[in-house]
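Coordinates in review
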Amino acid sequence: MSSAQSPHSELVGALYRDHRGWLLAWLRRNVACPSRAEDLSQDTFMRLLGRDELRAPREPRAFLVAVAKGLLFDYFRRAALEQAYLTELMLIPESEHPSPEAQQLILEDLRAIDRLLGKLSSKARAAFFYNRLDGLGHAEIAQRLGVSVPRVRQYLAQGIRQCYIALYGEPQ
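Quick caveat: nothing in here was measured; it's all calculated off a predicted structure. (Residues numbered from 1 in each chain as written. Predicted model: local features only at pLDDT ≥ 70, side-chain atom pairs only at ≥ 80, totals over all residues. Heavy atoms only, no water.)

**Focus: the packing of aromatic side chains**
Put simply, the test is: For Phe, Tyr and Trp, where Trp contributes only its six-membered ring, two rings pair if their centres lie within 6.5 Å, and the inter-plane angle classes them as stacked under 30 degrees, edge-to-face over 60, or tilted in between. Put simply, DSSP H or I for four residues or longer makes a helix, DSSP E for two residues or longer makes a strand, and each gets a number counted from the N terminus. Note on geometry: a ring has a charge over it if NZ (lysine) or CZ (arginine) is within 6 Å of the ring centre and within 35 degrees of the ring normal.
Here the structure, examined in full by the defined rule, presents four aromatic pairs. Seen from their ring centres, Tyr16 and Phe45 are 5.0 Å apart, and the 75° between their planes marks the pair as edge-to-face. Residue Tyr16 is found in helix H1 (residues 9–30), and its partner Phe45 is found in helix H2 (residues 34–49); the two are separated by 29 residues along the sequence. The residue whose ring lies beneath Arg144 is Tyr130, and the NZ or CZ to ring-centre distance is 5.1 Å.

Structure follows, in structure tokens:
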């Protein structure tokens, strides 16, 4: 079923007509780039069209801001991820830099991994980062998170699975 035929497309259309201008102004106050604000505004309504269920919100503007904030958070997180990659790239000799095409592919992979790790619970994500980025062992992670060592193993397996999916797709 296309988004134009979704059962709630009329509701999204009404929200768009009644509140798009206001949402765009709100986004422009929170994003320096007007075209990025425009994109985030459109993405907000596209996200609503993609939902399986949608009920008329009691507070439409608060609802739209909540959806837009999620997209805004994703945008800033991706930008920080890209900046971290570029910063690390500056630390290696230019002769060893990947080609621009390879750099773009690496950034796309990092975005995909970030998107999939974002689907993990906060504790699973923290366990994965503690292990992979900080080099902590299972017992130390368990202590920091207040969970058992077997639970840490489950969290790490979830993180590794999400990375696998990002790089190779769903296992068959």
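**A closer look at the side chain of Asn131**
Put simply, the test is: Between N or O atoms, a polar contact is any pair within 3.5 Å; within protein, one atom must be a potential hydrogen donor and the other a potential acceptor, and residues adjacent in sequence are included only when both atoms are from side chains.
By the element assignment, Asn131 lies in helix H5 (residues 122–132). Among the polar contacts made by the side chain of Asn131, one reaches the main-chain carbonyl oxygen of Leu136 at a distance of 3.1 Å.

**Focus: the domain arrangement of the protein**
Selection criterion: All domain edges in this entry derive from an automatic or database-based domain assignment. Whether two residues touch is decided by their heavy atoms; if any such pair falls within 4.5 Å, the residues are in contact. Summed over both partners, the accessible area (1.4 Å probe) lost when two parts come together is defined as the buried area. Here, a salt bridge means any side-chain nitrogen of Lys or Arg that lies within 4 Å of a carboxyl oxygen of Asp or Glu.
With domains assigned, the protein is organised as domain 1 (7–90) and domain 2 (98–168). Each side of the interface is counted separately: domain 1 has six residues, and domain 2 has seven residues. Taking both sides of the interface into account, the surface hidden between domain 1 and domain 2 amounts to around 760 Å²; carbon and sulfur atoms contribute 67%. Its largest share of buried area at the contact with domain 2, domain 1 owes to Leu81, Glu82 and Tyr85, together 61% of the area lost on that side. For Arg111, the salt bridge identified is with Glu82, shortest N-O distance 2.7 Å. The tally of links from domain 1 across to domain 2 stands at one residue pair in polar contact (both at pLDDT 80 or more).

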